[in-house]
Every structure is written in structure tokens, then in C-alpha cells.
Amino acid sequence: MLVVEDEPLALKLIAERLQAEGYRVTAIADGKRAWEHLKDKEECPDLAIVDLVLPGMNGWRLCQKLRTDPRYQRVRIIILSALIDDEGKAGALDQCDFLMAKPFNVETLMQKVRELLG
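Residues numbered from 1 in each chain as written. Predicted model: local features only at pLDDT ≥ 70, side-chain atom pairs only at ≥ 80, totals over all residues. Heavy atoms only, no water.

S.K.: Is there a simple way to explain helix H4 (residues 106–117) in this structure?
M.R.: One full turn of an α-helix is made of 3.6 residues, so residues set three or four places apart face in the same direction. The end-to-end C-alpha distance of H4, which contains twelve residues, comes to 17 Å, matching closely the 16 Å that a straight helix rising 1.5 Å per residue would cover. Taken together, the buried positions of H4 are Val106, Leu109, Met110, Lys112, Val113 and Leu116. Down the axis, H4 shows its buried residues gathered within 160° of arc, on one side only. Residue asparagine 105 occupies the N-cap position of H4, its side-chain oxygen lying 2.7 Å from the main-chain nitrogen of glutamate 107. (Helix = DSSP H or I, 4+ residues; strand = E, 2+ residues; numbered from the N terminus. Expected span 1.5 Å × (residues − 1). Buried < 20%, exposed > 50% of the residue type's maximum accessible area, 1.4 Å probe, protein only. Arc of directions from axis to C-beta. Polar contact = N/O pair within 3.5 Å; in protein donor to acceptor, adjacent residues only side chain to side chain.)

S.K.: What exactly am I supposed to notice about the packing of aromatic side chains here?
M.R.: Two aromatic rings, taken as a pair, are described by how far apart their centres are and by the angle between their planes. In this structure the tally under the stated criterion is one aromatic pair. Taking the centre distance of 5.6 Å and the plane angle of 70° together, the rings of tryptophan 35 and tyrosine 72 count as edge-to-face. Here tryptophan 35 is found in helix H2 (residues 31–39), whereas its partner tyrosine 72 is found in the loop between helix H3 (59–68) and strand S4 (76–81), with 37 residues between them in sequence. Accessibility classification places tryptophan 35 together with tyrosine 72 in one group, the buried group. Directly above the aromatic system of phenylalanine 98 lies the positively charged group of lysine 112, at a separation of 4.2 Å from the ring centroid. (Phe/Tyr/Trp six-rings, centres within 6.5 Å; stacked < 30°, edge-to-face > 60°. Lys NZ or Arg CZ within 6 Å of the ring centre and 35° of its normal.)

S.K.: Help me understand the nonpolar core, please; the structure alone is not making it clear to me.
M.R.: Across soluble globular proteins, nonpolar side chains have a tendency to be buried as a group. Trp35, Val50, Leu62, Leu66, Ile77 and Ile79 are the most contacted members of the largest nonpolar core, which totals 20 residues. Those elements giving two or more residues to this core turn out to be strand S1 (2–4), H2, strand S3 (47–51), H3 and S4. What isoleucine 79 contacts, discounting residues up to four positions off in sequence, is Val50, Leu52, Trp60, Cys63, Cys96, Phe98, Leu99 and Met100. (Core = buried A, V, L, I, M, F, W, Y, C linked by side-chain atoms within 4.5 Å. Contact = heavy atoms within 4.5 Å.)

S.K.: I keep staring at the sheet that holds S4 and nothing clicks. Help me out?
M.R.: Through backbone hydrogen bonds, the strands of a sheet pair up, either in parallel or in antiparallel fashion. Taken in spatial order, the five strands make up an open sheet running S2-S1-S3-S4-S5, and their pairing is parallel. Edge positions in the sheet fall to strand S2 (26–28) and strand S5 (98–101), since each of these pairs with one other strand and no more. Taking the axes of each pair of neighbouring strands and ignoring which way they run, one obtains an average angle of 15° across the sheet. Sheet topology places S4 next to S5; four bridges connect them, and they run parallel. Paired with isoleucine 79 across the two strands is leucine 99, which belongs to S5. Where H4 meets the sheet, it contacts S3, S4 and S5, and its direction lies at approximately 160° from that of S4. (Pairing = 2+ DSSP bridges. Axes fitted to C-alpha atoms, helices over the stretch in contact; angles between N-to-C directions.)

Written out as C-alpha cells, the structure is:
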């Protein structure tokens, strides 16, 4: 599981909650560093939770890279952002599996993670 979030409290909350549910988590606060981390790994995450406003590389660009690189096309993506006001499927954007507005409810996020991972 990859969590890319530049707000330290949100990053810690999400990572700790996912770990408590038994997931292995890599938490990174910068979009470019997240992409560099992924490129160096043999194993890819099952799911990525990505904020849109990130230093280094924004979340949309990171998601686009994940979607266009054959190694990562199966990674499920949840975008968390204060820039959106509706939750649901990304549809036409095709950059993620689910959009979640900030502030978010951590229980709703965990439910969506479980749903996407089956």
C-alpha cells in the first residue's frame, strides 16, 4: 500500500490505520519521491492513496504515470483532496478508482480500501 500525502497528520493517521488493519504501508510526503520509490522496486503496491496537491510532482501527474506504466496499471488508486467537493468514481478522468473529498472520514476511507481490494 502506498500513501502519498504532504500533510503530516493526515499521512500519519492514514498509515497507522492501514497498518492496524494489517496492510504493509509505504508513506511518502512528495509526489516525485513516491514515483522514484516505485521505479526502484520490483514489487508494486495493490493500492495507492494520493493527495492532489503535493510537492515535487502533483497527484494527477503521479496517477497518470501509474496508469500509463504497464507495471502499475493494476494499482487501485484513491485520490484524497480538498480540491474536490464530491465523492465517487472518477469516470471520464480515468486517473483513479475513487475520489474522496477532504476532510475525510477515516472509517469511510478504510471501507473503500477494503472494497477496492476485494
